[in-house]
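# Residue-level structure breakdown
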Amino acid sequence: MLIQIHMLQNYSPANLNRDDTGSPKDAMFGGFLRGRISSQCLKRSIRKSSALEEAFKSDSLLGIRTKRLPGLIETELKAMDVDAKTVQAIVERVPEIGKKAEKKGEGDEEEDTTVDDSSVMSKAETRQLIFIGANELRPLAERLLKLYKESKNWKKEELEKSLSKSLPRSVDIALFGRMTTSETFENIQAASQVAHAISTNALTQEFDYYTALDDISLQSGAGMIGDVEFNSSTYYKYLNVHWEELLKNLGGDVSLTTQAILALVRAAATAQPSGKQNSFAAYNLPDLVLVEVFPQNLPVSYANAFLRPARATSERTLTEVSAAQLSDYITRINKMYKLTGQRAFAAMIECNLPDAKQKESLDDLQSWLAEQLPKE
């Protein structure tokens, strides 16, 4: 079973996701330059959203991505009343976990984060970012303590072999995957795929020229000047989640898997990228959220509805035109490929999506989705 989420979201002037020059990210699509928000940015905003935190943090079902694993292990050991000398001896060896870093793999939600071998590794950090579930920390600390008591002069190879892999039940790791070159942690294939959001309209990049005055200087003129790029666009967002893969990643827990998918829908709709928000405060919620449930694992993005860029008219807004193009494309692709499944949406604009039930609110949309998911 495949659950797909499609959204149309119009942002006021913003610079939500920057490239290496500080400009909003963009991409060529359909022969036109478009605004873009990277999938990495979207996944991080979902991972850090209040929707996921409220649903899972109290049960320690969210992960932590960090190089500061030694400090986390130190905290766990101290909580176990381990003596200071033993804690220090164990923590000094923790950076060896994940030391090897040779390749990237599918499922990791970020670009490669390894550090070149010529760099100096801090004793307080691992060489690569480790994505670890909060509920994995105590078992890992316990296994390290046991190994230390059995063999105080362990080798790196002995360390990784002795630390048996465990499947995390952290929801964000189960959704977005984990790739690590360490033998200590289980690689997790992502159950969810997230596309780069692209603007339905052709991009018009703009510049904000600004000055700042010195409050106590008696000199005339600006104390500093600068400029920042921004744009305002309607974005098409697409993500999916594979029921069976997520269920496997969460240890076969049907209730938790259902809860994770419902939380993902709310997080995808309400989470906001943090880029330049202090300057632009572009906190705009989607005008349209469409959810589909397909019995077959056939991912279908509707991005090609916008090969011809949407353009506002005197009668219809950019988002309304985008919704009309989306509806037309769904009709045509359903006719050609005979796609079968259930479809429902919630919208703040007038639209008519084919073979879709309209719901009044996001809560109603979540309730509808819950009815479509397996109960056992």
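The coordinates are above.
Residues numbered from 1 in each chain as written. Predicted model: local features only at pLDDT ≥ 70, side-chain atom pairs only at ≥ 80, totals over all residues. Heavy atoms only, no water.

## Things to note about the overall build of the protein chain
Looking only at helices and strands, one finds 12 helices and 13 strands in the protein chain. Across the 376 residues of the protein chain, 51% fall into the buried class. Sequence separation of 24 or more characterises 73% of the internal contacts of the protein chain that already satisfy a separation of 6 or more. (Helix = DSSP H or I, 4+ residues; strand = E, 2+ residues; numbered from the N terminus. Buried < 20%, exposed > 50% of the residue type's maximum accessible area, 1.4 Å probe, protein only. Contact = heavy atoms within 4.5 Å.)

## Description of the pattern of salt bridges
Applying the stated criterion across every chain yields a total of 10 salt bridges. For Glu74, the salt bridge identified is with Lys78, shortest N-O distance 3.1 Å. Here Glu74 pairs with Lys78, and both are found in helix H3 (residues 69-79), just four residues apart, close to one helical turn. Arg266 is the partner of Asp363 in a salt bridge, and the nearest nitrogen-oxygen pair spans 2.2 Å. Taken as a pair, Asp363 in helix H12 (residues 362-372) and Arg266 in helix H9 (residues 254-270) lie far apart in primary sequence, 97 residues in all. (Salt bridge = Lys/Arg side-chain N within 4 Å of Asp/Glu carboxyl O.)

## Here we look at empty space enclosed by the protein
Under the definition given, this model contains four cavities of 30 Å³ or more. Approximately 90 Å³ is the volume found for the second largest cavity. Taken together, Met7, Leu42, Ser45, Ile46, Val194, Lys237, Tyr238, Leu239, Ala268, Ala271 and Pro273 make up the full set of residues lining the second largest cavity. Elements that contribute at least two residues to the lining of the second largest cavity include exactly helix H1 (39-47) and strand E10 (234-242). Looking at the lining of the second largest cavity, its residues break down into nine nonpolar, one polar and one charged. (1 Å grid on protein atoms, 1.4 Å probe; cavity = no way out; pocket = protein on both sides within 12 Å on 5 of 7 lines; lining within 4 Å. Points joined across faces, edges and corners; volume = space filled by probe spheres on them. Nonpolar A, V, L, I, M, F, W, Y, C, P; charged D, E, K, R; others polar.)

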